[in-house]
Amino acid sequence: MATIKDIAKELGISPATVSRALNGFPEVRAETRKLVQETAATLGYKPNQIAQKLVSGRSGMVGMILSLGPAQTSAAGFYEIMAGLSDHLADRDVDLVFHAATATDPVAPYRRFVSKNTLDGFILNAPEENDPRIAFLEEQKIPFVVHGATSDASYAFFDIDNKSVAIDGTNLLADLGHRRIAFLNGPQNHAYAKARAEGYLEVMKQRGITPPEFALQYGSGDENYGYAASLALLTERSDPRPTAILCATTPIAVGVYRAAKDIGLSIPQDVSVLAHDDAIPQFRSINFNPTLSVTRAPFRDACGPLARILCDLLDGTPIKDLQIRQRAELIVRDSTKMLQESERIPWQPKH
């Protein structure tokens, strides 16, 4: 591997000049800096990260921490994001350090990494309202970007418009004549679930529909939750069962499909199903039978923006310019159907 001395010898200049040129010192002429950089690339020079950090204050490494708690065990898309982030950060010559945390204190692994001063910043996922990880990093003035955003986000983030996800899905079902629309949402403490609940309730109110308390439920987001929750909904005897179920994830929809089959109901003849699709490979909505209607925003599509936002933040771009929301696509397939007028019966309040 080439060294600074090799570059200096090749160009006939001092190693000190080469070092200054590679590290962006202003006293080096632009043409000399360009020549040094081109020669370094030709010779395959790679800077020593420890030495580079001493000069620039940057290690070229950022971290992402996965908490191995109940809320994360169903986050299949997390691993999809890990691969994508690694690729996009590598394009910017930044390495991703991944850590799986088992501590009950969510801040503990961040505190440890910050004390070592080895990482330039962090990528966070699944934010919660009043998230202690965010509070700690802001207090320590450590750069970070979040995949997702709380309602009062004052930090850099990339997110889909989660309120619109629920608005679009609920509006589609209501346009098809459904009045008894249940929503199996994600974990209640997660910001995305709060935003989607707001969207669902807003549309129901606008449509003059008052859903019973049990129509909006929160859970882990996995298949088992979808199965148990929908089984209870579809076998409820004290009220008419829902004619449509909105699911926060495709794994939840898998559970709904399984429950409907087990009790002899047909999708969409007996119940329409619509889900949000993060395009997790093992839960491809196009492969459902019948094919699943979805709002779609692939997890992997977030990787490029998250890498770019964090790198721009490290380069000094203001946070207000690094807060990005993207609307999900609505795809109508075979799991949703139009109701006849005689089927458009709302839930009746219990007496």
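None of the values given here were measured: they were computed from a predicted structure.

S.K.: Hey, could you run me through the packing of helix α1 (residues 4-11) against helix α2 (residues 15-22) in this one?
M.R.: Geometrically, a packed helix pair is captured by the angle between its two axes and the distance between the axes. At a minimum axis separation of 8 Å, α1 and α2 run at an interaxial angle of 110°. The orientation of α1 with respect to α2, classified from their angle, is roughly perpendicular. Classified by chirality, the crossing of α2 by α1 is right-handed. Every residue of α2 that contacts α1 at Ile4, Lys5, Ile7 and Ala8 is listed here: Pro15, Val18, Ser19 and Leu22. Within the contact of α1 with α2, the residues separate by chemical class into 6 nonpolar, 1 polar and 1 charged.

S.K.: What is the right way to look at the packing of helix α6 (residues 108-116) against helix α7 (residues 132-140) in this model?
M.R.: Where α6 contacts α7, the two axes come as close as 10 Å, and the packing angle between them is 20°. One element, α6, and the other, α7, form an angle in the roughly parallel class. For the crossing formed where α6 meets α7, the hand is right-handed. When α6 is examined against α7, the residues Tyr110, Arg111 and Val114 are found in contact with a partner set consisting of Arg133, Phe136, Leu137 and Gln140.

S.K.: Can you help me understand helix α9 (residues 191-206) in this one?
M.R.: Residue pairs spaced three or four apart in an α-helix point in one direction, given the helix's 3.6 residues per turn. Between its first and last C-alpha atoms α9 spans 23 Å; for 16 residues at 1.5 Å apiece the expected length is 22 Å, and the two agree. For α9, the full list of buried residues reads Ala191, Ala193, Arg196, Ala197, Gly199, Tyr200, Val203 and Met204. Residue Gly208 follows α9 closely and has a positive phi angle near 75°.

S.K.: What's the story with the packing of aromatic side chains in this structure? I'm lost.
M.R.: Here the distance between the centres and the angle between the planes together describe a pair of aromatic rings. Under the definition given, this model contains 7 aromatic pairs. For the ring pair Tyr257 and Phe288, a centre distance of 5.1 Å and an interplane angle of 85° mean the geometry is edge-to-face. Here Tyr257, found in helix α11 (residues 250-262), pairs with Phe288, found in the loop between β9 (272-277) and β10 (293-296); they are 31 residues apart in sequence, far enough to count as distant. Three or more aromatic residues joined by ring pairs form one cluster here, namely Tyr110, Phe113 and Phe122. For Arg111, the ring lying beneath its charged end belongs to Phe136, and the centroid distance is 5.8 Å.

Thresholds, definitions, all that
- Residues numbered from 1 in each chain as written.
- Predicted model: local features only at pLDDT ≥ 70, side-chain atom pairs only at ≥ 80, totals over all residues.
- Heavy atoms only, no water.
- Axes fitted to C-alpha atoms, helices over the stretch in contact; angles between N-to-C directions.
- Helix = DSSP H or I, 4+ residues; strand = E, 2+ residues; numbered from the N terminus.
- Parallel < 35°, antiparallel > 145°, perpendicular 65-115°, else oblique.
- Left-handed = near helix turned anticlockwise from the far one by under 90°.
- Contact = heavy atoms within 4.5 Å.
- Nonpolar A, V, L, I, M, F, W, Y, C, P; charged D, E, K, R; others polar.
- Expected span 1.5 Å × (residues − 1).
- Buried < 20%, exposed > 50% of the residue type's maximum accessible area, 1.4 Å probe, protein only.
- Phe/Tyr/Trp six-rings, centres within 6.5 Å; stacked < 30°, edge-to-face > 60°.
- Lys NZ or Arg CZ within 6 Å of the ring centre and 35° of its normal.

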